[in-house]
Amino acid sequence: MEKRGKLVVGGVSIILIVGVVIGLVAVVCTKKSNKDQLSTSSKAVAAICDPTDYKEACIDSLGSVAKNDSATPKDLIQAAIDSTIKTVKSAIENSNSIAKSFKAINSTGKMAMDDCKDLLESAIADLQASFSFVGDSNMHTMHDREEELRNWFSAVISFQQSCLDGIPQEELQKLMKDSLLNATQLTSNALAIATSIAQILENFNITLNKDLRPTSSSRILEQENDGHGQYPSWFPAADRRLLAKQDNGGVKPNAVVAKDGSGQFKTIGAALAAYPKGLQGRYIIYVKAGVYNEYVTVTKNQVNVFMYGDGPRKTMVTGSKSFADGITTQNTATFAAIGNGFLAKGMGFQNTAGAQKHQAVALRVQSEMSAFFNCRMDAYQDTLYAQTHRQFYRNCVISGTVDFIFGDSPTLIQNSLIIVRKPMDNQKNTVTAQGREDRRENTAIVIQNCRIVPEEVLFPLRFKIPSYLGRPWKTYARTVIMESELGDFIQPAGWLPWSGNFALDTLYYAEYGNRGPGAATNQRVRWKGYHVINRNDAVQFTAGPFLLADRWLKTTGIPYFAGLKT
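Procedures and definitions
- Residues numbered from 1 in each chain as written.
- Predicted model: local features only at pLDDT ≥ 70, side-chain atom pairs only at ≥ 80, totals over all residues.
- Heavy atoms only, no water.
- Axes fitted to C-alpha atoms, helices over the stretch in contact; angles between N-to-C directions.
- Helix = DSSP H or I, 4+ residues; strand = E, 2+ residues; numbered from the N terminus.
- Parallel < 35°, antiparallel > 145°, perpendicular 65-115°, else oblique.
- Contact = heavy atoms within 4.5 Å.
- Nonpolar A, V, L, I, M, F, W, Y, C, P; charged D, E, K, R; others polar.
- Pairing = 2+ DSSP bridges.
- Disulfide = S-S within 2.5 Å.
- Buried < 20%, exposed > 50% of the residue type's maximum accessible area, 1.4 Å probe, protein only.
- Salt bridge = Lys/Arg side-chain N within 4 Å of Asp/Glu carboxyl O.
- Expected span 1.5 Å × (residues − 1).

**Student:** How should I be thinking about the packing of helix α3 (residues 55-66) against helix α8 (residues 181-194) in this particular structure?
**Tutor:** Helix-helix packing is characterised by the crossing angle of the two axes and by the distance between the axes. Look at α3 against α8: their axes get within 9 Å of each other, and the N-to-C directions meet at 90°. Viewed along their axes, α3 and α8 adopt a mutual orientation that is roughly perpendicular. Where α3 approaches α8, its residues A57, C58 and S61 are matched on the opposing element by Q185, L186, N189 and I193. Across the contact of α3 with α8, the residue classes break down as four nonpolar, three polar and no charged.

Here it is in C-alpha cells:
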C-alpha cells in the first residue's frame, strides 16, 4: 500500500430542510438599501456553508445560482453537486497533460495515472447519481437520508484518496493532488452539509421534530416490503430488484466454472464475460473445486454477482502480482470486486508473492453492499484492500503481516479468524491500517467477535517479532476491536504509531469487551485518539447502525447479528 498518502442520495431531505432555512431567512430578513447588506439567497448560502471546512469554495460553488432570486433549494443543491462533478472531470482531463509533461514518469507512475482515471470516473458516477436523485420526493426520515448521504459522499472521498495513494512518485503525486484540490474541498463540503443539518437549523433556532430523530443508537430503521425483501421506501425500484432475496441453500447457477471442463466455462473470467445485459436479479456463478490461477475483476457494470465455491480451501483464486514488480498496489489484487451487490461464499483468494515482495493484495473490494461468507484471504502485506463502500465479512479467515486489512470503507468483520503471519526480518506486524481522511466520513474497520492469533510458524517467535492491532494510515484513521479474543502475542501497547506523532490526536482507535491474554488495556497507548469505550459507544459500530445492515444484508442469506454479541 502506498501510504500517506450509484450515489443513492436522499437529496430531498436536504432540499426540504434547506427550504425551511431559506424560507425562514426570507421571513426574518427585510430588504435594505445598504449595498453591503447580504441578499436573502446569499444568507441562505451562508447558512448552508457554515458547517463546511472550505467556506469560500462552498459559497463560490453555489453563488452563481444563488444570485437568481427564483432559485429553489433544489437548484442550490444541484449546483453544489454539479460543481463537484465539473472539478473531478477537470482533474481527469488534467491527468493526461500531467502524465505527458512529467518527463520522469516511470511505468508504475503511468499505471497509477490510469488508475486515477478509473477511480475518478467512479467518483463522478456516484456524484451524477446523487444529482439525479435530488428531485426525488419519495423520502423517508431525516436520519435515514443523512446516513445514506454520509455513506456515498465518504465513498467519493475514498476514490479521490485512492487515486493519490497509488502514485509512487512524490512530485507526480503533488501535481495530481493540486489538480484535485477543488474537488476534494467541494466533496468535503458536501459531506459536512450532509452531517450538519441539525446544526444548520439550530442556527435559526429551529427545533427538530422529535419524530425525525432516531429513538436510540440501535434503532431498527423503518422499512417497507415490496415482495423482494425489505427496503426503505426511498430505495429505487431497480435496486430492490437487484437485491432480491435468494435462497442460498438451493440456488441454480447461471454459470458453472470447472477447470476439468465439466462446466460451461474453464475460467472465472469467462463466466463473468458472459454476464447478460439488462440482468434482473442475481447472476450466480458456481466455481467448482480447483486452483484458478487468474486475475479476476467483477467490473462496475457486473452488479449483483453471487459467486460460490466448494469451500475456501477447495475453490481458490490465486495470483502473485506485487508492488516490487512495478505494479500499483490496487492492481496487484488477485481478485477485485467492483460491481455493487457482490456476494461470495466458500471461496479462497490468495496472493503468493511473499513477504519479500511487499504490497501484494489478495482481494480488493470496492463493491457497495458486498458480503463474504466462509471465505479465505491469504497473503502477507496488504492482503485485504477494503477500498470503498459498505462491506461485511462473516466466518472468514484473513491472514497477513503488515497492514494486512486496510482501506477506507465502512467494513465490519464478524465471527472470523484473523491470522498474523511471520514477516520479513526487522518488520513489525500490524493487523490494520485504516485510511479515513475526513473526520466526517462514516468509514472504519470494525472487528467483532473474532479471534486474532499467530500462525504456526510465527508462534515460537511471537514475543520476538512485535505484533500490533493497527497503525494510522491517514489523519482520521478509525478502527474498533470489540468482543474479540486477542492472543498473547499482541504487544501490551496494542497500537503502533505510523510516523512520529502523526494522527495520534486525531485518530479514533477503540476497544470494547475483548478477551484473551492480549486484551488487557492497562498498558495500552496513551494517545488522545485511543479509547476503551463503553457499551453505548460500541453499539454504534455494530452491523445495524454502522452498516445499516437490516436494509440490505438480511436479503443476502448471510448470517449476522445486528448488535453486540453479548
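**Student:** In this structure, what is going on with the sheet that holds strand β28 (residues 530-532)? I would like to understand it.
**Tutor:** Adjacent strands of a sheet form backbone hydrogen bonds with each other and so pair up, either parallel or antiparallel. Taking strand neighbours across the sheet as the criterion, the eleven strands line up as β3-β4-β7-β10-β13-β16-β19-β22-β25-β27-β28 in an open arrangement whose pairing is parallel. Unpaired on one side and paired on the other, β3 (255-257) and β28 mark the two borders of the sheet. The average undirected angle you get between the axes of adjacent strands in this sheet is 10°. Alignment of strand β4 (residues 283-287) against strand β7 (residues 305-309), held across five bridges, turns out to be parallel. Within β7, the residue paired with Y286 across the bridge is Y308.

**Student:** When you look at the state of the cysteines in this model, what are you seeing that I'm missing?
**Tutor:** As used here, a disulfide is simply a covalent bond connecting the sulfur atoms of two cysteines. A full pass over the atoms with the stated rule returns two disulfides. The disulfide partner of C49 is C58, and the S-S distance across this bridge is 2.0 Å. Classification of the bridge connecting C49 and C58 rests on its S-S torsion, roughly -75°, and on that basis the disulfide is left-handed. With relative accessibility at 1%, the residue C49 sits in the buried group. Its relative accessible area of 3% is what places C58 among the buried residues. Here C116 connects covalently by a disulfide to C163, the sulfurs 2.1 Å from one another. On the sign convention where negative means left-handed, the S-S torsion of about 90° between C116 and C163 marks this disulfide as right-handed. Of this pair, C116 sits in helix α5 (residues 107-133) while C163 sits in helix α6 (residues 142-165); the two residues are 47 residues apart in sequence, bridging distant segments of the chain. Summarising the burial analysis for this pair, C116 and C163 share the class buried.

**Student:** Help me understand the pattern of salt bridges in this model?
**Tutor:** Note that side chains of opposite charge can pair when their charged atoms are close. Counting across every chain of the model gives 13 salt bridges. Its salt-bridge partner being R439, residue D53 comes within 2.9 Å of it at the nearest N-O pair. Separated by 386 residues along the polypeptide, D53 in the loop between α2 (40-49) and α3 and R439 in the loop between β21 (429-434) and β22 (444-448) bring together distant segments of the chain. A relative accessible area of 35% means that D53 is categorised as partly exposed. Its relative accessible area of 41% is what places R439 among the partly exposed residues. Taking the shortest distance from any N to any O, the salt bridge between D178 and K174 comes out at 3.2 Å. Here D178 and its partner K174 are both found in helix α7 (residues 170-179), four residues apart, which amounts to about one turn of the helix.

**Student:** When you look at the pairing of strand β23 (residues 451-454) in this model, what are you seeing that I'm missing?
**Tutor:** On any regular strand, side chains alternate: one points to one face of the sheet, the next to the other face. As paired strands, strand β20 (residues 417-420) and β23 are joined by four bridges and run parallel to one another. Paired with I419 across the bridge in β23 is V453. Pairing of β23 with strand β26 (residues 485-486), which is carried by two bridges, proceeds in the parallel orientation. Counterpart to R451 in the pairing with β26 is E485.

**Student:** Help me out: how do you make sense of α8 in this one?
**Tutor:** In an α-helix, one turn spans 3.6 residues, which is why side chains three or four residues apart end up on the same side. In this model α8 runs 20 Å from its N-terminal to its C-terminal C-alpha over 14 residues, within 8% of the 20 Å that 1.5 Å per residue would give. Taken residue by residue, α8 has A183, Q185, L186, T187, S188, N189, A190, L191, A192, I193 and A194 as its buried positions.

Any functional reading would require information that these geometric values do not contain.
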